Amino acid sequence: MMKEATLSRPFILALSLNKISKVTAKTKTLDEQVYRCVCDYIGANSNGVIVLTGGEPFLDSRLSEILVLARNRGWPTSVDTNCLFHEPPTLNGIQQIRLRLYSLNPNQHNRIASDQQSFQKTMEYATWLADNYSGEKIMVIPVCRDNYREIAAIFNWCRSLNFIPNFFVVPWKHEYSVDLQDYHVVLQALRELPQEDIIIDVPLLGLSGWSNICPGGRVAMYIGVDGEIMPCPDFPYPICWMGNDIPSTWRTLQEKIALMNEFCSSCERFSACGGGCLANKTGAGKDYYCSAMCLNLSP
């Protein structure tokens, strides 16, 4: 029988306040019952970090309420933004801002983001933050087939604006996923970056001594607008659904993840990579890119 899981310290709770459809231009907001359940948990605990994500947290009317609640209970707050506002929003009570950059090539960034204005908005807000925001600034870089040769250039650009670069590799079923034969090139490019003041959420790099590892499902849980539960927002399907409270839902998520990692858990290197990226699990339970990684490990 599986040992009952406990909440990690610090526990990262990622919450999608809304979801904006690019097809219909309509916004779907987080289920009210789920939202209240999250607020109840934050109000009763002081051991976590709240990450507000989704379509655009800054356009959600509940943003100020949850920021006040988090501040009162000592929860540091991080906000993901797609820069869908007209004027820079007030950042009081927000310790970290996260933007996404797909490429330093405007046309390529806009194509991957499916938004012809995305690059310009991202660049303008990044510059504004560099001049006006003293909190932690994260630039999330989803590494994919069309941008992996830009890793070093993007890293240097982030440093020039005092952003912390956060690299992760998009899941293997993504439209722009890295080809299997090129994955070792991506890993090598990431290995060549300095390890200080950088976040790399690529579990397989743990096999070559990299200390960073993806928090999804390990210390972090993502809640979507309908109450769907996933390790991270980029996971392709709900692993489970919101239960009666956060702790019981976390335990359910941990049980499901343990089953997903059953194949990898007997490997002697499991502690270094945690079974790889959960979003890359094949039907056999192995990270899709794992064999490519193992071929390039030092003996």
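Residues numbered from 1 in each chain as written. Predicted model: local features only at pLDDT ≥ 70, side-chain atom pairs only at ≥ 80, totals over all residues. Heavy atoms only, no water.

The protein chain carries the name Radical SAM domain protein in an unreviewed UniProt entry, which gives Syntrophaceticus schinkii as its organism.

Turning our eyes to something else, we now look at the overall build of the protein chain. Looking only at helices and strands, the protein chain features nine helices and eleven strands. Judged by the C-alpha coordinates and their principal axes, the protein chain covers about 55 × 50 × 40 Å. Intrachain contacts of the protein chain at a sequence separation of at least 6 include 66% that bridge at least 24 residues. Just so you have it, the protein chain exposes about 14,500 Å², and 50% of that area is on carbon and sulfur atoms. The averaged location of the 30 negative side-chain charges in the protein chain is 3 Å from the averaged location of its 26 positive side-chain charges. (Helix = DSSP H or I, 4+ residues; strand = E, 2+ residues; numbered from the N terminus. Contact = heavy atoms within 4.5 Å. Areas by Shrake-Rupley, 256 points an atom, 1.4 Å probe, with all protein chains shown as cover. Lys, Arg positive; Asp, Glu negative; His and termini not counted. Charge placed at Lys NZ, Arg CZ, Asp CG, Glu CD.)

This part covers the environment of P88. By the element assignment, P88 lies in the loop between β4 (77-80) and β5 (96-100). By relative accessible area, which is 34% here, P88 ends up partly exposed. Separated by 30 residues in sequence, P88 and F58 have C-alpha atoms that sit 9.5 Å apart. (Buried < 20%, exposed > 50% of the residue type's maximum accessible area, 1.4 Å probe, protein only.)

Buried together is how nonpolar side chains tend to be arranged in soluble globular proteins. By size, the foremost hydrophobic cluster in this structure holds 82 residues, and its most contacted members are I97, F167 and I223. Considering every element that reaches this core, the biggest residue donor is helix α1 (residues 32-44), with seven residues. Listed in part, the ten residues of the second largest apolar core include Y102, V140, F168 and V170. (Core = buried A, V, L, I, M, F, W, Y, C linked by side-chain atoms within 4.5 Å.)

Moving on: the packing of α1 against helix α2 (residues 63-72). Contact geometry for α1 and α2: axes closest at 9 Å, N-to-C directions at 20 degrees. With respect to α2, the element α1 is oriented roughly parallel. Taken as a pair, α1 and α2 cross one another with a handedness that is left-handed. Two secondary-structure elements touch here, α1 through Y35, R36, C39, I42 and G43 and α2 through E65, I66, L69 and A70. Here the residues of the contact of α1 with α2 are counted per class, giving six nonpolar, one polar and two charged. (Axes fitted to C-alpha atoms, helices over the stretch in contact; angles between N-to-C directions. Parallel < 35°, antiparallel > 145°, perpendicular 65-115°, else oblique. Left-handed = near helix turned anticlockwise from the far one by under 90°. Nonpolar A, V, L, I, M, F, W, Y, C, P; charged D, E, K, R; others polar.)

By the element assignment, F119 lies in helix α4 (residues 118-132). The exposure class assigned to F119 is buried, which follows from its relative accessible area of 14%. Here the alpha-carbon distance between F119 and D40, two residues 79 residues apart in the chain, equals 37 Å.

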